[in-house]
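Descriptive analysis of the structure
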Amino acid sequence: MTDSTPTLAPLDLACELAELARKKGADAADAICVGSTSLGVSVRNGVTDELERSETTDLGLRVFVGKRSAIISTSTLDRSRFDGLVDQALAMAHVLPEDGYAGLPEGIPLIGRLTENDLDLVDTTEPTAEELLARARTTEEAGHAVKGVTNSAGASATWGRSLVALASSAGVAGYYERTRNSVSMSALAGQGTGMQRDWDFHSTVYLSDLEDPAAIGEKAGRNAVARLNPTQPCTGTMPVVYAPRVSNGLLGHLTGAINGAAIARGTSFLKEKMGQRVFAPGIRVLDDPHRKRGLRSKPFDGEGVACEPLELVADGVLQHWLLDCRSARQLGLITNGRASRGTSSPPSPGVSNLYFAPGSVSPAELIADIAEGVYVTEMMGSSINGLTGDYSRGASGFMIRNGQLAEPIAEFTVAGNLLDMFGRLQVADDLSFRFGSDAPTIRIDAMSIAGN
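Now for a look at the structure at hand. Please read these numbers as outputs of a predicted model, since none were measured by experiment.

Taken as a whole and judged by the stated rule, the model has 26 salt bridges. Put simply, E55 and R53 hold a salt bridge, and the shortest N to O gap is 3.4 Å. Counted as one network, the salt bridges with shared partners bring together D198, R227, R245 and E378.

Below, the structure written as structure tokens:
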């Protein structure tokens with residue numbers, strides 16, 4: 001039932017600091033320790049371009065004096081300095097303005113002491129620099145071998161292990177770790193001003209789940225070659241199909257609009273849409289912190305509340321805001337365990353493993369009836385109005401003609417309104433979990449395209 005036998009020194013530090021703050025006069029306090037160890041390499045044209053190892057540990061303390069609060073952080077984990085750290089935090093809290101919504105979680109069960117979980121988040125295999133270099137070189141060589149690839153912008157391989165320890169005067173003492181392995185490549189095709197670049201990337205908790213580096217390199221190369229000699233689409237209104245590697249951006253626009261802080265401020269185009277149909281029937285959006293080996297899985301949130309799966313959108317109907325304690329109090333609600341935080345900033349609403357549930361048709365079937373449309377594989381720039389939902393982004397990809405992908409296109413803009421777009425959104429069945437925020441191929445009809 002446990003990822004590994006944890007080293008609890010960081011949790012001991014957090015517990016001691018939170019307890020000391022209470023003893024020295026804080027009405028409530030919590031402390032968080034965040035640590036990471038990483039090893040990364042990159043190669044370019046067979047030559048080692050970068051080899052870096054880093055180890056960091058930061059400790060943050062939040063104190064409450066009445067309705068006033070202050071946060072202080074340090075990377076020095078010397079217990080002899082805790083008295084001064086607490087004194088400084090308390091002095092800051094006494095002079096800061098009151099916040100009627102501040103405070104630790106209330107009215108909801110907390111995790112208590114939690115140092116084990118069954119999320120399978122730690123791979124005990126730690127690669128050497130030589131192994132990572134071999135992985136990166138394999139990736140780059142496979143990309144170079146693709147006919148039409150003329151250069152490499154580099155291939156990389158990384159490994160990392162992170163920890164989170166959280167303690168509070170409300171009885172929270174939680175700890176978990178996570179590992180991550182990744183490989184990526186950026187390939188170049190063509191010459192001079194006609195050169196095109198593309199990439200591929202994969203990241204997993206366990207090395208055994210990582211895609212073959214040679215396959216990553218080959219896909220990066222093929223993607224770059226496929227983009228050669230692009231044209232601009234004609235300006236007009238037509239269906240837009242988002243490839244999975246960019247369709248998850250629509251999830252980001254959704255979560256920004258259902259963030260409890262934005263709802264409390266009244267700055268979201270979805271502020272009046274709770275319990276209403278926002279997407280087409282059948283569309284589901286889920287946030288699952290319990291996904292085994294998930295890139296963003298975690299047993300508790302940044303305030304010590306147990307994380308539970310949420311179906312944010314069910315059958316097209318909006319079901320939940322994303323809430324931490326502060327935004328929940330502002331809205332007269334109770335947190336749903338979505339607090340995210342670092343050591344030097346207060347909690348704010350966030351997500352874990354977020355995804356659109358897959359549909360029932362293949363990508364080929366999804367585009368089969370499109371006489372003329374665009375298939376987007378890359379997006380750049382962003383003009384999103386959170387208050388109105390107006391949407392405009394630069395893009396590149398391929399034309400769709402008579403249900404088939406056709407010539408490459410670039411330097412065009414896709415525009416619409418997110419509320420209208422959500423209502424027309426259709427999903428394919430090709431969901432895969434690669435980024436932590438994931439979506440299958442998505443189609444949205446009647447989008448405005450600005451090209452030539």
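Let's pick the thread back up.
What follows deals with the packing of aromatic side chains. According to the stated counting rule, one finds 5 aromatic pairs in the structure shown. Between Y176 and F300 the ring centres are 5.2 Å apart and the planes differ by 80°, which places this aromatic pair in the edge-to-face class. Taken together, the residues Y176 in strand 6 (residues 173–189) and F300 in the loop between strand 9 (285–287) and strand 10 (310–314) connect sequence positions 124 residues apart. Residue F300 is classed as buried on the basis of its relative accessible area of 1%. Geometrically, the ring pair formed by F279 and F422 is stacked, given 4.6 Å between the ring centres and 25° between the ring planes. A residue pair is termed long-range when its members are at least 10 positions apart, and F279 in the loop between helix 7 (260–265) and strand 9 and F422 in helix 10 (residues 418–424) qualify at 143 residues. This pair shows no difference in class: F279 is buried, exactly as F422 is. Chaining the aromatic ring pairs together yields one cluster made of F269, F279, F356 and F422.

Next up on the list: the side chain of D438. As for its placement among the helices and strands, D438 is situated in strand 19 (residues 437–438). Of the side chains with opposite charge, R291 comes closest to the buried, unpaired D438, at an N-O distance of 6.4 Å. A distance of 2.9 Å separates a polar side-chain atom of D438 from the backbone nitrogen of R434. Within the local environment of D438, its side chain forms a polar contact with the backbone nitrogen of F435, the two atoms lying 2.9 Å apart.

Attention shifts here to the sheet that holds strand 19. The 5 strands are arranged 11-10-9-14-19 in an open sheet whose pairing can be described as mixed. Sheet topology places strand 11 (317–318) and strand 19 at the edges, where each strand pairs with a single neighbour. Relative to strand 11, strand 10 runs antiparallel, the two sharing 2 bridges. From the neighbouring strand, A314 faces strand 11, where its bridge partner is V317.

Right, let's talk about the packing of helix 1 (residues 9–23) against helix 2 (residues 82–95) for a bit. Packed helices, taken two at a time, are described by their axes: the angle between them and the distance between them. Viewed as axis vectors pointing N to C, helix 1 and helix 2 meet at an angle of 50°, and their least axial separation amounts to 10 Å. Judged on the interaxial angle alone, helix 2 and helix 1 are oblique. For the crossing formed where helix 1 meets helix 2, the hand is right-handed. Along its contact with helix 1, which presents L13, E16, L17, L20 and A21, the element helix 2 presents F82, D83, L85 and V86. Residue classes in the contact of helix 1 with helix 2 are distributed as 7 nonpolar, no polar and 2 charged.

Positive phi outside glycine occurs at D120, with the angle close to 60°. For D120, the position within the fold is in the loop between strand 4 (113–114) and helix 3 (129–144). One non-glycine residue, D315, lies in the positive phi region at around 50°. With respect to the secondary-structure elements, D315 resides in the loop between strand 10 and strand 11. The exposure class of D315 is partly exposed, given its relative accessible area of 41%.

What counts and what doesn't
Residues numbered from 1 in each chain as written. Predicted model: local features only at pLDDT ≥ 70, side-chain atom pairs only at ≥ 80, totals over all residues. Heavy atoms only, no water. Salt bridge = Lys/Arg side-chain N within 4 Å of Asp/Glu carboxyl O. Phe/Tyr/Trp six-rings, centres within 6.5 Å; stacked < 30°, edge-to-face > 60°. Helix = DSSP H or I, 4+ residues; strand = E, 2+ residues; numbered from the N terminus. Buried < 20%, exposed > 50% of the residue type's maximum accessible area, 1.4 Å probe, protein only. Lys, Arg positive; Asp, Glu negative; His and termini not counted. Polar contact = N/O pair within 3.5 Å; in protein donor to acceptor, adjacent residues only side chain to side chain. Pairing = 2+ DSSP bridges. Axes fitted to C-alpha atoms, helices over the stretch in contact; angles between N-to-C directions. Parallel < 35°, antiparallel > 145°, perpendicular 65-115°, else oblique. Left-handed = near helix turned anticlockwise from the far one by under 90°. Contact = heavy atoms within 4.5 Å. Nonpolar A, V, L, I, M, F, W, Y, C, P; charged D, E, K, R; others polar.

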